[in-house]
Structure formats: C-alpha cells, structure tokens
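Observations on the three-dimensional arrangement
Each chain, letter by letter, is given below.
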Amino acid sequence: MTKTADLDELYERYKTKAQAVGTEVYRFGTRYEALESLIPLLKKEGVADSAGAFAVCAAGPAIRSWEGAELSTIPGVHFEVTRELAAEALIGITEVDFALADTGTLVQDQSAVEQRLASSLPTIHIAILGTNTILPDKGALITRINPRKSRFIAFITGPSRTADIERVLTIGVHGPKRLIVLAVDESEGETL
C-alpha cells in the first residue's frame, strides 16, 4: 500500500508529465465526485443520440457502478461498445490499469476489444484512473504485469499525434484529439 504522501507525490509527477504532452488531468476523492464532473462534461461536449455525438463506455468497476446512475439517462450514452458505435462516437470512456509518473503515460490492458475501440476511435478519450495505480516508471510496471492474463497492453501518452508528414506535428490523426484523465482516489487497482 502506497502512503498518502508518496501517492500525492506520484500523482503530481504524473500530472505534470501528462499535461506536458497535452493531457487534461483532474483528481477526485470518490467515484461519485468523478461522475458528478463527467455528466456536465458530456453535456457540454454535446453528447446526443445521433451519429458523431455518441459516448461509449467500456466496462470496468467504476463504469459498471455508474451504469444505473444518472449517466445512463443521458441520450447517446451507450454501455455496449460495438465497432460501429465506437466509430461514430464523439467520446469513449474507459478505465485504465496503471499510469507512469515519469512519462505521463497511461497503461491499459486492451485484451478486450471494447477497450481498444472506446479508447482509440472516438474524438475524445476519457480515461478513469485509480490514483493508487500510479507507478514511478516502466520498471515498476513490469513487476505488476502477468503476461498470462494480458495479451494486449497499450501505452497511451497524450492525445494521438504524428509528425510523419514533413515533420509537422498533427494531433488526432490516428486516434483521439483530446485525452482527459479523471484520477479517482478510491479506485481499485489490479495486477494485469
């Protein structure tokens, strides 16, 4: 168990690095507080029941706990993720397994295709992160991964970007243009 001072220090290091690569990072004490922030955000972004305005939510403990809450009453929010819905979604909401403080990187087990679809196809990716799963670096992560359980691990560092064409940095070419992290103190962490 990480001490609170260590956790706060890791969170601040992660937040600084993540913001440096264009990630928006917000911290909440409880899942409910995160949900209270998420609902107005979805409404502000224009989530609706029409193509191009859907929000898809890939299953995870926090998201399952929100399924029966007010979130499910917002038109256009879907808890089943299909390729078609994700391709026409404005927002994808997933839970990530770890974050790396030294690079501002999120780490997600994407063995389930729903996680890949919701985190890579929509224009905006909202990632739910347990602050107790922020690790110092990749070395610490390697000790937490079980390759027998995880067959597809994604490392996400900021919004999608490329400079392949004439070295001009372009955001959102191969994935989300915007990455928002909701860090929640009461989340559960699991070994991949």
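Residues numbered from 1 in each chain as written. Predicted model: local features only at pLDDT ≥ 70, side-chain atom pairs only at ≥ 80, totals over all residues. Heavy atoms only, no water.

**Here's the deal with the overall build of the chain**
Threshold: Only runs of H or I of at least four residues qualify as helices and only runs of E of at least two qualify as strands under DSSP, and these elements are numbered from the N terminus. This radius of gyration counts C-alpha atoms alone. The globule rule is 2.2 Å times how many residues there are, raised to the power 0.38. Relative accessibility thresholds used throughout: buried, under 20% of the residue-type maximum; exposed, over 50%; partly exposed, between the two (1.4 Å probe, protein chains only). Any two residues whose heavy atoms approach within 4.5 Å at even a single point are treated as in contact. For the accessible areas, the method is Shrake-Rupley and the probe is 1.4 Å, while residue cover comes only from the protein chains on display.
From N to C terminus, the chain includes six helices and 12 strands. Since a compact globule built from 192 residues should have a radius of gyration of about 16 Å, the 16 Å found for the chain is in line with a globular shape. Of all 192 residues assigned to the chain, the portion counted as buried reaches 45%. When contacts within the chain are restricted to residue pairs at least 6 apart in sequence, those whose partners lie at least 24 apart make up 76%. Accessible area for the chain stands at about 9600 Å²; split by element, carbon and sulfur atoms hold 51% of it.

**Some remarks on helix H1 (residues 4-20)**
Each α-helix winds once per 3.6 residues, and so residues spaced three or four apart point in a common direction. Keep this limit in mind: Between the first and last residue of a helix there are one fewer steps than residues, each counted as 1.5 Å, and that sum is the expected span. Summarising the geometry, the arc corresponds to the directions from the helix axis toward the C-beta atoms.
Here H1 is 17 residues long and its end C-alpha atoms lie 24 Å apart, about the 24 Å a rise of 1.5 Å per residue gives. Among all positions in H1, only Leu7, Leu10, Tyr11, Tyr14 and Ala18 are buried. One side of H1 carries all its buried residues, which in axial view fall inside an arc of 105°. Facing away from the buried side of H1, by more than 90 degrees, are the exposed residues Ala5, Thr16 and Ala20. In this structure, the buried side of H1 is in contact with strand S1 (24-28), strand S5 (98-100), strand S6 (105-109), strand S7 (124-130), strand S8 (134-135) and strand S12 (178-184).

**A look at the pattern of salt bridges**
Just so we agree on the cut-off: Should a side-chain nitrogen of Lys or Arg be within 4 Å of a carboxyl oxygen of Asp or Glu, the pair is scored as a salt bridge.
On inspection of all chains with the given rule, the structure shows six salt bridges. Where Arg27 meets Asp8, a salt bridge forms, and the shortest distance between an N and an O atom there is 3.0 Å. Of this pair, Arg27 sits in strand S1 while Asp8 sits in helix H1, and the two are 19 residues apart along the sequence. Residue class for Asp8 comes out partly exposed when judged on its relative accessible area of 30%. A salt bridge links Lys43 to Glu70; its shortest N-O distance comes to 3.9 Å. Note that Lys43 is positioned in helix H2 (residues 31-45) and Glu70 in the loop between helix H3 (61-66) and strand S3 (77-78), a separation of 27 residues in sequence. A relative accessible area of 45% places Glu70 in the partly exposed class. Taken together, the shared-partner salt bridges connect Asp8, Arg27 and Asp185 into one network.

**Here we look at the sheet that holds S1**
Formally: Pairing between strands requires that DSSP locate at least two bridges from one strand to the other. Lines fitted to the C-alpha atoms define the axes, with helices restricted to the stretch that makes contact. Angles between their N-to-C directions range from 0 to 180 degrees.
A sheet is described by the order of its strands in space; here six strands give the open sequence S1-S12-S7-S4-S2-S3, paired in parallel fashion. Two strands close off the open sheet at either side, each with one partner strand: S1 and S3. Here strand S2 (residues 54-57) runs beside S3; their pairing, made up of two bridges, is parallel. Within the sheet, the bridge partner assigned to Ala55 lies in S3 and is Val77. Across the sheet, H1 is in contact with S1, S7 and S12; its angle to S1 comes to roughly 155°. Packed onto the sheet, helix H5 (residues 113-120) meets S2, strand S4 (89-95) and S7 and runs at close to 130° relative to S4.

**Some details on the environment of Ala58**
Looking at the secondary structure, you find Ala58 in the loop between S2 and H3. With 37 residues separating them in the primary sequence, Ala58 and Glu95 have C-alpha atoms 7.6 Å apart. Residues contacting Ala58, with those up to four places away along its chain left out, are Ile63, Val81, Ile93, Thr94, Glu114, Gln115 and Ala118.

**So, the pairing of strand S9 (residues 153-156)**
Each regular strand shows side chains that alternate between the opposite faces of the sheet. Burial along S9 is one-sided: the residues Ala154 and Ile156 are buried and none of Ile153 and Phe155 is. For S6 and S9, the ladder comprises four bridges, and the chain directions are antiparallel. Bridged to Gln108 within S9 is Ala154.

**Examining the packing of aromatic side chains**
Quick reminder of the rule: Planes of paired rings set the category: under 30 degrees apart is stacked, over 60 is edge-to-face and the rest tilted, where pairs are Phe, Tyr or Trp rings (Trp by its six-membered ring) whose centres lie within 6.5 Å. Look at NZ for Lys and CZ for Arg. If either is within 6 Å of the ring centre and within 35 degrees of the ring normal, a charge sits over the ring.
Tallied over the entire structure, the rule returns zero aromatic pairs. Above the plane of the ring of Tyr11 lies Arg27, whose end atom (NZ or CZ) is 4.7 Å from the centre. Over the face of the ring belonging to Phe155 we find Lys138, whose NZ or CZ atom lies 5.4 Å from the ring centre.

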